[in-house]
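One-letter residues, chain by chain:
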Amino acid sequence: MKSFSTHTNTLRSVILTGLFAILTPSSLWAAGTPYGIEGTESPIIQESDTSTCYVYGKYLVQTTVPTDAVGEDIRVTARQGEGTSCDPKSATLFELKRGLDDNSDAVSFAGLSGNYLFLDNGTGSSGRTLAITDLSDTTKPPYSSAYEGEMTLKNGATLSFLQPLGPVKSITECPNASDALKAMMPDVVLAEQVQLNLSTRKLTKTGTKECVPVQ
């Protein structure tokens, strides 16, 4: 799967177009569709003219793309029984609304696993930020980190990603740099592979580093 930073709209369009073209409504509801960060849960996806509803085991996530702002409006409610529709009357557990004054942010839904809600913020393929909210305790501030490239969630517990360390001052910091990467100087950052334990929020640095072009 592509990194979430580049696949948000494309992935949604391709998946939904293909599914609606080859599946009947009953077969569509029989299984979830991969969405968001690799390793997060696969929801049942309902799409209307104005919004998208993602149905998970415990939660319903509704997203709406505003006409006057970038990013998405995001609302999370608890799933009631076998309900498969995002009900506007249901009690809101989490809500994020974009507006005319929020054009500096482009927050979008990036997946859900267990009680953890993932939100992505950025307008380009690099220099992005991920925020993780624990829906079982929304009073706790979300965990937030800049990242580059792809993210992978393992066993619903550990998130692996590249965390930027700073700009590369000399290409000698990238001993295995390709000619293409050298041509991108000085728009290159050094990043380290890290692992985040979602429950403890403990970040482990692996010591593995690589140079990444930024845009």
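Residues numbered from 1 in each chain as written. Predicted model: local features only at pLDDT ≥ 70, side-chain atom pairs only at ≥ 80, totals over all residues. Heavy atoms only, no water.

This brings us to the confidence of the model for the protein chain. Considering every residue of the protein chain, the mean pLDDT works out to 83; 83% of them sit at 70 or more. Contacts from residues 1-30, a stretch scored under 50 in pLDDT, to residues over four places away or in other chains number 48 contacts. (pLDDT = per-residue confidence, 0-100. Contact = heavy atoms within 4.5 Å.)

With that out of the way, let us pick up the packing of aromatic side chains. Here the structure, examined in full by the defined rule, presents four aromatic pairs. Seen from their ring centres, Tyr 35 and Tyr 54 are 4.7 Å apart, and the 40° between their planes marks the pair as tilted. On the criterion of sequence distance, the pair formed by Tyr 35 in the loop between helix 2 (25-28) and strand 1 (44-47) and Tyr 54 in strand 2 (residues 52-55) is long-range, its members being 19 residues apart. The two residues Tyr 35 and Tyr 54 agree in class, both being buried. With a centroid separation of 5.0 Å and 55° between ring planes, the pair formed by Tyr 54 and Phe 109 is classed as tilted. Of this pair, Tyr 54 sits in strand 2 while Phe 109 sits in strand 6 (residues 107-113), and the two are 55 residues apart along the sequence. Given the relative accessible area of 0%, Phe 109 is considered buried. Through a chain of ring-to-ring contacts, the aromatic side chains of Tyr 35, Tyr 54, Tyr 56 and Phe 109 assemble into a single cluster. (Phe/Tyr/Trp six-rings, centres within 6.5 Å; stacked < 30°, edge-to-face > 60°. Helix = DSSP H or I, 4+ residues; strand = E, 2+ residues; numbered from the N terminus. Buried < 20%, exposed > 50% of the residue type's maximum accessible area, 1.4 Å probe, protein only.)

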